[in-house]
Amino acid sequence: MKATDHYTELTTGAIPRVIARMAVPTIISMLVTSLYNIADTFFVGQVDTQSTAAVGVAFPAMSMIHAFGFFFGHGSGNYISRRLGAKDYDSAGRMAATGFVYALLFGLAITLAGRMLLSPLVLMLGSTPTIQAQCEAYMDIILLGAPVMTGSIVLNNQMRFQGNASMAMVGIVTGAVVNVVLDPLLILGLGMGVRGAAWATVIGQVVSFLLLLYMNRRVTVRVDVRRFTPTLAMAGEMVAGGTPSLTRQTLGCVATVLLNVAAGVYGDAAIAGMSIVSRITFVIFSIIIGLGQGFQPLCGFSYGAGLYGRVRRAYWFCVRTGTVFLTLCAVLLFVFSHPVIAIFRDDPDVIRIGGEALRWQVLVYPMGALTMLSNMLLQTVRMPWRANILASARRGLFFIPMILILPAQFGLLGLEICQPVCDTLAFLLALPILLYSLRQIEHRQVA
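Since the model is a prediction, treat every value here as computed from it, not as a measurement. (Residues numbered from 1 in each chain as written. Predicted model: local features only at pLDDT ≥ 70, side-chain atom pairs only at ≥ 80, totals over all residues. Heavy atoms only, no water.)

**Student:** Outline the overall build of the chain, supporting the account with residue identities and numerical values.
**Tutor:** Secondary structure summary: the chain contains 18 helices and zero strands in total. For the chain, the C-alpha radius of gyration of 21 Å lies close to 22 Å, the compact-globule estimate for 447 residues. Seen through its principal axes, the chain has C-alpha atoms that stretch 60 × 45 × 35 Å. Put simply, the chain has 447 residues, and 62% of those count as buried. Within the chain, contacts between residues separated by at least 24 positions form 83% of all contacts whose residues are at least 6 apart in sequence. Within the structure as shown, the chain displays about 16500 Å² of accessible surface, and the carbon and sulfur contribution to it stands at 70%. (Helix = DSSP H or I, 4+ residues; strand = E, 2+ residues; numbered from the N terminus. Rg over C-alpha atoms; globule rule 2.2 N^0.38 Å. Buried < 20%, exposed > 50% of the residue type's maximum accessible area, 1.4 Å probe, protein only. Contact = heavy atoms within 4.5 Å. Areas by Shrake-Rupley, 256 points an atom, 1.4 Å probe, with all protein chains shown as cover.)

**Student:** Got a sec to walk through the pattern of salt bridges? Specific residues and values, please.
**Tutor:** For the structure shown, the criterion picks out six salt bridges. Across the salt bridge formed by D90 and R227, the nearest N and O atoms sit 2.6 Å from each other. With a gap of 137 residues between them, D90 in helix α4 (residues 89-116) and R227 in the loop between α9 (194-215) and α10 (232-264) connect regions that are remote in the sequence. Of the charged contacts in the structure, one is a salt bridge between D224 and R226, with a shortest N-O distance of 3.0 Å. (Salt bridge = Lys/Arg side-chain N within 4 Å of Asp/Glu carboxyl O.)

**Student:** Please provide a residue-by-residue account of the side chain of Q361, values included.
**Tutor:** In this fold, Q361 is placed in helix α14 (residues 348-362). Among residues more than four places away in sequence, those in contact with Q361 are T281, Q419, P420 and D423.

**Student:** Could you give an account of the packing of helix α6 (residues 132-142) against α9, naming the residues involved and the relevant values?
**Tutor:** Contact geometry for α6 and α9: axes closest at 8 Å, N-to-C directions at 20°. Taken together, the axis directions place α6 and α9 in an arrangement best described as roughly parallel. The handedness of the crossing between α6 and α9 comes out as right-handed. Contacts from Q134, A137, Y138, I141 and I142 in α6 reach V194, R195, A197, A198, W199, T201 and V202 in α9. Taken together, the residues of the contact of α6 with α9 break down into nine nonpolar, two polar and one charged. (Axes fitted to C-alpha atoms, helices over the stretch in contact; angles between N-to-C directions. Parallel < 35°, antiparallel > 145°, perpendicular 65-115°, else oblique. Left-handed = near helix turned anticlockwise from the far one by under 90°. Nonpolar A, V, L, I, M, F, W, Y, C, P; charged D, E, K, R; others polar.)

**Student:** A description of the environment of R312 should follow, citing residues and the corresponding values.
**Tutor:** Residue placement: R312 occurs in helix α12 (residues 308-335). Once the C-alpha coordinates of R312 and R439 are considered, the two residues, 127 residues apart in sequence, prove to be 9.7 Å apart. If we skip the residues at most four places from it in the chain, R312 touches L438, I441 and E442.

**Student:** Go over the environment of F398, please, and point to the residues and values.
**Tutor:** With respect to the helices and strands, F398 occurs in the loop between α16 (384-397) and α17 (399-410). Separated by 173 residues in the primary sequence, F398 and V225 have C-alpha atoms spaced 41 Å apart. Ignoring any residue separated from it by four or fewer positions in sequence, one finds F398 in contact with A393, C422, L425, A426 and L429.

**Student:** Please provide a residue-by-residue account of the side chain of N388, values included.
**Tutor:** Residue placement: N388 occurs in helix α16. On the basis of relative accessibility, which here comes to 14%, the residue N388 falls in the buried class. Other than its neighbours up to four places away in sequence, N388 contacts T243, P244 and T247.

Pasting the structure below:
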């Protein structure tokens, strides 16, 4: 599709149709990516509880690598969509190259620093002595793939923000499928355990990176490293658009580490059970993130073109759709909580702890759509401080004090209810910020 066709569709097309065309490929990408994380947990779970716990402990480090990818991907992508909405192709091209080069450099830095500090890193992530060896084996390999992980995320998001959601989906899904196919072969077939899971992940990421790099030649704004522009102005725009993503991902890592440490008091089964619940919730909410990422190109183009009423209408359409979906998921997972946990690990203690925690978690699922989509709206229309507040709410601003207070007061129950309590508080914070911001956008329309 030509640049003019993307502009016309994103600024004038029927909102449900445009959102569907942008969101469905992105949801598929997010879902498949989430499922390959689940696949690691599933196949490693066939080995033993310690291996399951080890992959769960290492998950925050993977999320941190992704955090820098999303920082540069969303930071550059949000800017690119607004510039394309204003038909400023030169600035968009320079930002594409700048975001990509920075992502590769930061990914390389993560590889070098992480492998030099491997042992203290896994202990900091919440490893217990019984799973430290498995954690280090997994992390040592995962860190090798950091540059291609960050690079893939940037290429994917830049394509998506230009309206090329289907193309971006192909690149991500292909690598994820390779990962899922390799998991049973390497983990079980060759008996490599957690090392097999790590190699499957890295090989899948390399495939995604190479395919996205190849397809990048066919998009409106291509990555040309000769246009790398390391200026303060470019960095400022990237920070404004990418910091909420970095905040959200980083605090998610911190929250997972604190959760692992708190769960470790109750043994490896508690770490494994809570890790499985986190993965399940990650899969469910990846669909809402995909819906929001389908909304963002329409939001960026329309906002750049001054179509503020269209931004508002598209936002509420996504909130309604997301809330209905999360409510249905909540009902199903509440009824089948324990059997769902048993899919991943047939250990009575893991099933008991994970099943109860999942039931508490799904009670607040319906609130999640408004909270997450509000964050993505504010990020795209360049309201970074408000976006950062919402990004930090459920996994930082509220979670960090609650994970220290609730388990101390209520024991294992406090651990299980910590995230649902934080999700409720995040919703109550997001609602007034959202309504105030929408009124400001409406005044711009009137003006």
